[in-house]
Amino acid sequence: MAAQSEYIGYPEPVEAPVFTAEAKEYRNISAHNPTLTGYPLTLASRLISSLTPLQSLLYNNAEFSSLRKLSVLKQYAPRWEPLVVPRSAESTDPADTSLFTQHGDHTFYTSADYVAAYKDKKTTPTAVAEYLLALVKQPPHNLAFIQIRDDLTLQAAQASTNRYANGTTLGPLDGVPIVVKDEVDINGYRKTFGSAKVFDNGEGPTSWCVKKLEEAGAIIIGKANMHELGTDTTNNNPVTGTPRNPVNQAYYTGGSSGGSAYAVGSGLVPIAVAADGGGSIRIPSNYCGVYGIKASHGRISAYPSVSLTSGNGVVGPIASSLPDLALAYRIMSQPAPADGWSSLFPSPRASTSSITRPGRRVIGIYRPWFNDSSSTVAKLCNEAVDRLVSAQGYELVEIPFIPYLNEARKSHALSISSDMSVFVNGDYSGLNAANKIMLATLSQAPAIEYNCANKVRSMIMSHFASIWQQHPGLILVTPTTPFAGVKIDEKELSAGVSNTNRSLESMRYVFLSNFIGAPSINSVVGYEEGSGMPISLMGLAEWGKEEDLFGFAEDVAKGFRSVKGRKRGQIWVDVLGGVGVNA
C-alpha cells in the first residue's frame, strides 16, 4: 500500500475491533420483507405512501435500529462520502497506442472495428447511425430505450462522416455509436430516471463525462432504459417497459442500468454510459455477459447531474470488450474543473495506451463469503481463481475474516435508500407502486440511524485500509452475484414487483465497492448449464487502482479463453455486417 501521504482522505489503517468469536464469523442473515406484485402491490402502495403508521411498521421490520446497538461505533466519526483521492497520476507512455493490438477476444465488435471500417471507407458514421435508428425503434430493442432523437444523432453522425472525408477526426471514438443511461444529463434529451415524470427537460448542459465522450467523437444513439430511479437490480419497469436479457430472453437484464447493458450485450453499441449505487453497472454487465467497472468514488464526474445517492453512486462505462472499457473509463475520468471531487483526481492514463498487468499480482479471498452462492457460481468462480494462481502467477491470500459484513450491507441499504427518499422529498406522484412503498418507508429513517450507517462505513473503510497495508496491491475477489440471473415472472411486468429480499441477495457482493468507495470490475468466467446465463468474477481494488483492475480482468479473461471463452446470446445484432462491411 502506498503511504497515506500519497492520498487525500485515506482512512486510518486499523482493523475493526471485534470482542467475541461470533463477531468474526460470517453471517448472512436473511431479510423478511413481503413480496408483492399485481393488485396487492398497487393497493399496498396507495396505503403505505399515505399512512405514516404503515411506513413506520415496514421500516421497523427492516431492523435498521440494530445499528444503534453496535457499541464499537462510539470510536468512529461518520463518513458521509467514501472519497479517497490518489495525489499522483499513474505513469504512462504517450507513444503507447497499442490498446487494441493484443486484444484476443473477438466475440463482439470494438470501437476500433468501427474506426477501421470508416478509415477504410467501407461505411460511414451516417450509414451506421441510420441503420441503428431504424433498428432500435423495433421490438425487442425498443424496450432498451427511453428517448431517441433522430435529428441530434444524424447531425452528429454527419459531422463525423465529414471529418473522416476531410481527414480531421476528433479522437479514438469518432463515429462510434454509444447509449447513455437516463440518469445522466444530455442537452436536448429529457431526463426521467425511467419514470413517468420529467425531472429535467434537457435544456441544460450535458454531463461532463458524456461531453468528454462526444469530444472524442462518440455518437449518441439514444437514452437507455433503467429501473425506475435506480432502486432495484432487475430493470423491471412497468412504465417504460422491461427489456429482456439478450443472452436468454426468459431472464431480466439486471439493473438498474439494464438498458445500457442490453444495448452492449446485444451488439447494438460497443460502449454505454451507466451509473452504479449498489451494483447497477456490474450486475447487468454480469447478467448480459459484458464488462463493467465501478470507479473510485468521485473519480468520474457527471457534473452538473445531481446524483440520486451522493454517498454511494458513481457513473461509469459498460463495454463489450476490456479495451473499450478502459478506453471509455480513461476518457470519462478526465478531471472536471467545476466538480469539487473530480477536480482533485490526477489525469488518467493516455486513452489508447495498452492494458498492463498489475504490478503486484495478489488476490484475496474471504472463503465463507465467496462461497455463499449457488453451486454453479461458486464452482466457476473458484476455477477462475485457480487459473489465476496456476497459470497467471497470482499469489492467493486467504483473508481470515471481514467483520461486520452484515452490518455493512444493512448500512449500505439504509444509506442508499434514504438518499433516494430525500431526493424525491415526499413527492411520490408519477412513480411506480414498488417505489412508492420503498421511498415512503425510508422517509421514516431517523437521523441517528443514518448517522450510525455512516459510522459503519468509516469502520469498514479503515479495516480495508489495514488489509491493503498488510497486503499491498491485493485485489479482493468474489462472484459478482450469488446466482446466475433472475428469471422473469410474467406477472411482474404489468404492475412491477416489490421484492426487497431478492434485491438484497443480488447485492451480496457488489454493495461493498459502493459503500467504501473502492473500484471494482467484473469479468466473465463461465455460463450456467441449461439457462446459458453468464457468470462473472469480480475484483475490488484499493482506491484509485482502476488500471490494476483492467489488468486483472484481462488475466481472468485470458484464463477463461484458454478453456472456453465468451459467446453471444440469443439476441445479437451484426451492425457492421448490416451496413455491408462484412459482405
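The structure we're discussing is the one just above.
Now for a quick tour of the structure. Computed from a predicted structure; not experimentally measured.

**Concerning the sheet that holds strand β6 (residues 219-224)**
Then, number 1: Taking strand neighbours across the sheet as the criterion, the 11 strands line up as β4-β6-β5-β7-β9-β8-β14-β15-β12-β10-β11 in an open arrangement whose pairing is mixed. A single partner strand is all that each edge strand has here, and the edge strands are β4 (145-147) and β11 (395-398). On average, adjacent strands in this sheet sit at an angle of 35° to one another, irrespective of strand direction.
Then, number 2: Two elements, β4 and β6, share two bridges in a ladder whose sense is antiparallel. In the strand pairing of β6, Q147 is matched with K223.

**Some remarks on the environment of R568**
Then, number 1: The residue R568 is located in the loop between α19 (546-561) and α20 (575-578) in this model.
Then, number 2: We classify R568 as partly exposed; its relative accessible area is 41%.
Then, number 3: C-alpha separation for the pair R568 and V314, spaced 254 residues apart in sequence, amounts to 28 Å.
Then, number 4: If near-sequence neighbours (up to four positions away) are discounted, R568 is found in contact with H106 and T107.

**Observations regarding empty space enclosed by the protein**
Then, number 1: Tallying each qualifying case throughout the model produces seven cavities of 30 Å³ or more.
Then, number 2: There is about 70 Å³ of room inside the largest cavity.
Then, number 3: What lines the largest cavity is Y26, R27, N28, W369, L405, N406, R409, R508 and F511.
Then, number 4: Of all the elements, helix α13 (residues 405-424) adds the most residues to the lining of the largest cavity, at three residues.
Then, number 5: Looking at the lining of the largest cavity residue by residue, the classes come out as four nonpolar, two polar and three charged.

**Brief notes about a nonpolar patch on the surface**
Then, number 1: Taken together, the side chains of Y39, L43, L47 and L51 present a nonpolar region at the surface, about 370 Å² in accessible area.
Then, number 2: Inspection of the secondary structure assignment puts L47 in helix α2 (residues 38-48).

**Thoughts on the packing of helix α3 (residues 52-61) against helix α14 (residues 433-442)**
Then, number 1: The contact between α3 and α14 brings their axes to 8 Å, and the two run at 85°. As judged from the angle between their axes, α3 and α14 are roughly perpendicular. Here Q55, L58 and Y59 of α3 come into contact with α14, specifically with I437, A440, T441 and L442.
Then, number 2: A class-by-class count of the residues in the contact of α3 with α14 yields five nonpolar, two polar and no charged.

**Digging into the packing of aromatic side chains**
Then, number 1: According to the stated counting rule, one finds 17 aromatic pairs in the structure shown.
Then, number 2: In textbook terms, an aromatic cluster arises when at least three aromatic residues are bridged by ring pairs, as seen for Y7, Y10, F464, W468 and W543.
Then, number 3: Here the guanidinium or amino end of K212 rests over the ring plane of W208, the centre of that ring lying 4.3 Å away.
Then, number 4: Its end group placed over the ring of W572, R568 keeps NZ or CZ at 3.7 Å from the ring centre.

**Examining unusual backbone geometry**
Then, number 1: Cis rather than trans, the peptide bond between P139 and P140 has omega equal to 0°.
Then, number 2: Relative to the elements of secondary structure, P140 occurs in the loop between α5 (125-135) and β4.
Then, number 3: Backbone torsion omega between Y303 and P304 reads 5°, so that peptide bond is classified as cis.
Then, number 4: Mapped onto the fold, P304 is located in the loop between β8 (291-294) and β9 (314-319).
Then, number 5: Here the phi dihedral of E63 falls at roughly 60°; this positive angle occurs in a residue that is not glycine.
Then, number 6: Phi at K121 is positive, roughly 60°, even though this residue is not glycine.
Then, number 7: Among the structural elements, K121 can be located in the loop between α4 (111-119) and α5.

**A word on the nonpolar core**
Then, number 1: I516, L537 and F552 are the most contacted members of the largest nonpolar core, which totals 165 residues.
Then, number 2: For this core, the leading source of residues is helix α15 (residues 447-470), giving 10 residues.

**Section: the pattern of salt bridges**
Then, number 1: Within this structure, the stated rule accounts for 22 salt bridges.
Then, number 2: A salt bridge links R163 to D174, with the shortest nitrogen-to-oxygen separation between them at 2.7 Å. Of this pair, R163 sits in helix α6 (residues 150-166) while D174 sits in the loop between α6 and β5 (177-181); the two residues are 11 residues apart in sequence, bridging distant segments of the chain. There is no split in this pair, since R163 and D174 are both buried.
Then, number 3: D372 is the partner of R508 in a salt bridge, and the nearest nitrogen-oxygen pair spans 3.6 Å. In this pair, R508 sits in the loop between α17 (500-506) and α18 (511-516) while D372 sits in the loop between α11 (367-370) and α12 (375-392), placing the two residues 136 residues apart along the sequence.
Then, number 4: Judged by relative accessible area, which is 10%, R508 ranks as buried.
Then, number 5: One network of salt bridges, with partners in common, ties together R330, R349 and E547.

**Describing the pairing of strand β15 (residues 534-540)**
Then, number 1: Counted residue by residue, β15 has seven buried out of seven residues, so it is predominantly covered.
Then, number 2: The side-chain alternation of β15 yields two buried faces, one formed by P534, S536, M538 and L540 and the other by I535, L537 and G539.
Then, number 3: By the bridge criterion, four bridges tie strand β12 (residues 474-479) to β15 in an arrangement that is antiparallel. Within β15, the residue paired with V477 across the bridge is G539.
Then, number 4: Here seven bridges tie strand β14 (residues 520-527) to β15, and the two strands are oriented antiparallel to one another. Considered in β15, the bridge of S523 is made with L537.
Then, number 5: Hairpin connection from β14 to β15: six residues lie between these consecutive antiparallel strands, with G530 at a positive phi of about 100°.

**Let's talk about the layout of surface pockets**
Then, number 1: Within this model, the second largest pocket holds a volume of roughly 510 Å³.
Then, number 2: Considering the residues around the second largest pocket, the lining is formed by 32 residues, among which A302, S305, S307, G313 and V314 are closest to the centre.
Then, number 3: Broken down by secondary-structure element, the contributors of at least two residues to the lining of the second largest pocket are β7 (271-276), β9 and α13.
Then, number 4: Looking at side-chain class alone, the lining of the second largest pocket contains 13 nonpolar, 14 polar and five charged residues.

Quick notes on the rules
- Residues numbered from 1 in each chain as written.
- Predicted model: local features only at pLDDT ≥ 70, side-chain atom pairs only at ≥ 80, totals over all residues.
- Heavy atoms only, no water.
- Pairing = 2+ DSSP bridges.
- Helix = DSSP H or I, 4+ residues; strand = E, 2+ residues; numbered from the N terminus.
- Axes fitted to C-alpha atoms, helices over the stretch in contact; angles between N-to-C directions.
- Buried < 20%, exposed > 50% of the residue type's maximum accessible area, 1.4 Å probe, protein only.
- Contact = heavy atoms within 4.5 Å.
- 1 Å grid on protein atoms, 1.4 Å probe; cavity = no way out; pocket = protein on both sides within 12 Å on 5 of 7 lines; lining within 4 Å.
- Points joined across faces, edges and corners; volume = space filled by probe spheres on them.
- Nonpolar A, V, L, I, M, F, W, Y, C, P; charged D, E, K, R; others polar.
- Patch = residues over 30% accessible without salt bridge, like charges linked within 9 Å, V, L, I, M, F, W, Y side chains within 5 Å.
- Areas by Shrake-Rupley, 256 points an atom, 1.4 Å probe, with all protein chains shown as cover.
- Salt bridge = Lys/Arg side-chain N within 4 Å of Asp/Glu carboxyl O.
- Parallel < 35°, antiparallel > 145°, perpendicular 65-115°, else oblique.
- Phe/Tyr/Trp six-rings, centres within 6.5 Å; stacked < 30°, edge-to-face > 60°.
- Lys NZ or Arg CZ within 6 Å of the ring centre and 35° of its normal.
- Core = buried A, V, L, I, M, F, W, Y, C linked by side-chain atoms within 4.5 Å.

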